[in-house]
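Spelled out, the chains give:
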Amino acid sequence: MGDFAKQVYFLVRKIPSGKVVTYGQIAKKLGRPKAARAVGNILHQNNSSQIPCHRVVNKEGKLAVNYRFGGWRCQREKLVNEGIKFKDEKGVEFDSILKTSEVE
DNA sequence: AAAGTGACGCATT
DNA sequence: TAATGCGCCACTT
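Residues numbered from 1 in each chain as written. Chains lettered and ligands numbered in written order. Predicted model: local features only at pLDDT ≥ 70, side-chain atom pairs only at ≥ 80, totals over all residues. Heavy atoms only, no water.

Visitor: Can you break down the side chain of Gln-75 residue by residue, with the values?
Guide: Mapped onto the fold, Gln-75 is located in helix H4 (residues 71-81). In terms of polar contacts, Gln-75 uses its side chain to reach the backbone carbonyl oxygen of His-54, at 3.1 Å. Once residues within four sequence positions are removed from consideration, Gln-75 is found in contact with Cys-53, His-54, Val-56, Leu-63, Ala-64 and Tyr-67. (Helix = DSSP H or I, 4+ residues; strand = E, 2+ residues; numbered from the N terminus. Polar contact = N/O pair within 3.5 Å; in protein donor to acceptor, adjacent residues only side chain to side chain. Contact = heavy atoms within 4.5 Å.)

Visitor: Outline the pattern of salt bridges, listing residues and values.
Guide: Tallying each qualifying case throughout the model produces two salt bridges. Put simply, Glu-104 and Lys-14 hold a salt bridge, and the shortest N to O gap is 3.7 Å. Of this pair, Glu-104 sits in the segment after H4 while Lys-14 is found in the loop between helix H1 (3-13) and strand S1 (21-22), placing the two residues 90 residues apart along the sequence. Across the pair Arg-55 and Glu-82 runs a salt bridge, and its minimum N-O distance is 2.8 Å. Residue Arg-55 is located in the loop between helix H3 (36-45) and strand S2 (56-57), and its partner Glu-82 is located in the segment after H4; the two are separated by 27 residues in the primary sequence. (Salt bridge = Lys/Arg side-chain N within 4 Å of Asp/Glu carboxyl O.)

Visitor: I'd like a rundown of H4, residues and numbers included.
Guide: Listed in full, the buried residues belonging to H4 are Gly-71, Trp-72, Gln-75 and Leu-79. Along the axis of H4, the buried residues cluster in a sector spanning 135°; they form a single face. Every exposed residue of H4 that faces more than 90 degrees away from the buried side is listed here: Arg-73, Glu-77 and Asn-81. Looking at the buried positions of H4, the neighbouring elements they touch are S2. (Buried < 20%, exposed > 50% of the residue type's maximum accessible area, 1.4 Å probe, protein only. Arc of directions from axis to C-beta.)

Structure representation (structure tokens):
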């Protein structure tokens, strides 16, 4: 596992329940603003349920269609259980997205 | 070492 | 508003 991947997991672990963060925010926070796509790849490889990767969405607040564990429905269900509200089928409300400045 | 992959994002239509 | 096109980049082969 690469260094970058470790940093990604470190950050994802810190996302509080009831909030979500975007791929781009994570990339930016790690000093690689253009690596959003790579972040997605890394999470896709992840198998550990120790990491709350369901709390990561894209810039529009939408769920990843190819979510690893059981697809986006499963991801949606987890988020709903954590109190996240959806504006439509796959899109979370914008105010549930953590501000970049608040990402640890 | 080089090429292929894709949970992205921005600009352009 | 939605749909492409394309650059990007860590990983894997």
